[in-house]
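Structural features, examined
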Amino acid sequence: VYFGIPGRGEATRLALTIGGVKFTDEEMKFTDERIAFPQWKEFKSTTPWGSLPVLELSDGRKIAQQRTILRFVGKELSLYPTDPWLAAKVDELMDAAEDIGTKTFQAGQGLEQAAKEAARKEAVSEGGKSYALLEKVDAFIAENGSGGHAVGDRTTVADLFLFAQCNGLVSGLYDGIPSNTLDGFSNIMALRKCVRELPPVTAWYEGKDYPGYGPF
């Protein structure tokens, strides 16, 4: 359950899609339920932590929190490493990459529009806090992954999480962030391209107009 935007629900949607899980009403396995923003006020109290996304299983049990859901789905669909070290590196990257949006959102917070946009552009430019984090993420991929993957040599939930986080950064969601912000980070760009070209992902985005989500 999530809003009708990519956001914090997109990585899990992609994991389910790659795993071949049909999340439609007819299949009764997973339903991609999208909450309209006006519904949120009344729906909020029904969620475990007052936030989305929420994954509800067929027996009614619920799991909340974005990365917890993604790890659960990843383990079920072989998109999460069984090797403890690799699993820890997947978790490490996802926890670090969560700050990409946080640091960018905080830049210019409370300022007038023009000043906010200038502050955010500065944050993703060389010397800025978001830029510094993106540099670390790019270096992490170089050290721990290969072939367009963040950890190891196969697709994991870390790839999907970073794909969604980075695409959200340049989607227009954050005022003042240029659409080419990620172009200088070769490893991040290779990962985005690798995920976007997976056949199930390509099919998922067919007919969807999501700025920042490729193809690249």
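Reading the values: the criteria
- Within each chain, residue numbers correspond to sequence positions counted from 1 in written order.
- Confidence filtering applies because this is a predicted model: local features only for residues at pLDDT of at least 70, side-chain atom pairs given and counted only at 80 or more, and all residues used for totals across whole chains, interfaces and linings.
- Side-chain figures throughout are based on the complete set of non-hydrogen atoms in the structure, without hydrogens or water.
- Only DSSP runs of H or I reaching four residues or more are called helices, and only runs of E reaching two or more are called strands; each is numbered from the N terminus.
- Any residue under 20% of the maximum accessible area for its type is buried, any over 50% is exposed, and the rest in between are partly exposed; the area is computed with a 1.4 Å probe on protein chains only.
- Counted as positive: Lys and Arg. Counted as negative: Asp and Glu, with His and the chain ends omitted from the count.
- By convention in these notes, a salt bridge is any Lys or Arg side-chain nitrogen within 4 Å of a carboxyl oxygen on Asp or Glu.
- Any two residues whose heavy atoms approach within 4.5 Å at even a single point are treated as in contact.
- On a range of 0 to 100, pLDDT expresses the predictor's confidence in each residue.
- Between N-to-C directions, angles span 0 to 180 degrees; the directions come from axes that are lines fitted to C-alpha atoms, helices contributing only their stretch in contact.
- Should an angle lie under 35 degrees it is considered roughly parallel, over 145 roughly antiparallel, and from 65 to 115 roughly perpendicular; all remaining angles are considered oblique.
- In this scheme, a crossing is called left-handed if the near helix is turned counterclockwise away from the far one by less than a right angle; it is called right-handed if the turn is clockwise.
- Three classes are used, and their members are as follows: Ala, Val, Leu, Ile, Met, Phe, Trp, Tyr, Cys and Pro are nonpolar, Asp, Glu, Lys and Arg are charged, and the others, Gly among them, are polar.
- A cavity here means a set of points on a 1 Å grid, drawn over the protein atoms and nothing else, where a 1.4 Å probe fits but cannot get out; a pocket is an open set with protein on both sides within 12 Å along at least five of seven lines, and a residue lines either one if it has an atom within 4 Å of a point.
- Grid points are joined across faces, edges and corners, and a volume is the space filled by probe spheres set on the points.
- As used in this record, nonpolar core signifies buried Ala, Val, Leu, Ile, Met, Phe, Trp, Tyr and Cys residues forming a set joined through side-chain atoms within 4.5 Å.

What follows covers the side chain of R196. By secondary structure assignment, the location of R196 is in helix α8 (residues 186–196). In this structure R196 is buried but unpaired, with E197 as the nearest side chain of opposite charge at 8.3 Å. If we ignore the near neighbours within four places in the chain, the residues touching R196 are F163, V201, T202, Y205, Y213, G214, P215 and F216.

As a further point, take the confidence of the model for the chain. Should pLDDT be low for a region, the predicted coordinates there are not to be read in detail. In this model, the chain carries a mean pLDDT of 90, and residues with pLDDT of at least 70 account for 95%. Overall, residues 24–30 carries pLDDT values under 50, and its contacts beyond four positions in sequence, including any with other chains, amount to eleven contacts.

Turning to the packing of helix α4 (residues 84–106) against helix α6 (residues 129–144), a few remarks are in order. Between α4 and α6, whose axes approach to 9 Å, the crossing angle comes to 160°. When the axes of α4 and α6 are compared, the pair comes out roughly antiparallel. α4 and α6 meet at a crossing whose hand is left-handed. Contact residues: K89, E92, L93, A96, D99, I100, K103 and T104 in α4; K129, S130, L133, L134, V137, F140 and N144 in α6. Looking at the contact of α4 with α6 residue by residue, the class counts come to seven nonpolar, three polar and five charged.

What follows concerns the layout of surface pockets. Taken as a whole, the largest pocket encloses approximately 520 Å³ of empty space. What lines the largest pocket is a set of 21 residues, among which G7, R8, G168, L173 and Y174 lie closest to the centre. Sorting the residues of the lining of the largest pocket by element identifies α4 and α7 (157–169) as the ones contributing at least two each. Residues that form the lining of the largest pocket fall into these classes: twelve nonpolar, seven polar and two charged.

With that out of the way, let us pick up unusual backbone geometry. The omega torsion of the bond from L52 to P53 falls at 10°, within 30 degrees of zero and hence cis. Mapping P53 onto the fold places it in the loop between α2 (40–43) and β3 (54–56). Backbone geometry at S78 places phi at a positive 60°, although glycine is not the residue there. Structurally, the position occupied by S78 is in the loop between α3 (66–76) and α4. S78 gets classed as partly exposed once you look at its relative accessible area, which sits at 47%.

Among the nonpolar cores identified, the biggest contains 49 residues, and I100, V137, L162, L169, I188 and Y205 are the most heavily contacted of them. Looking at this core element by element, the count peaks at nine residues for α7.

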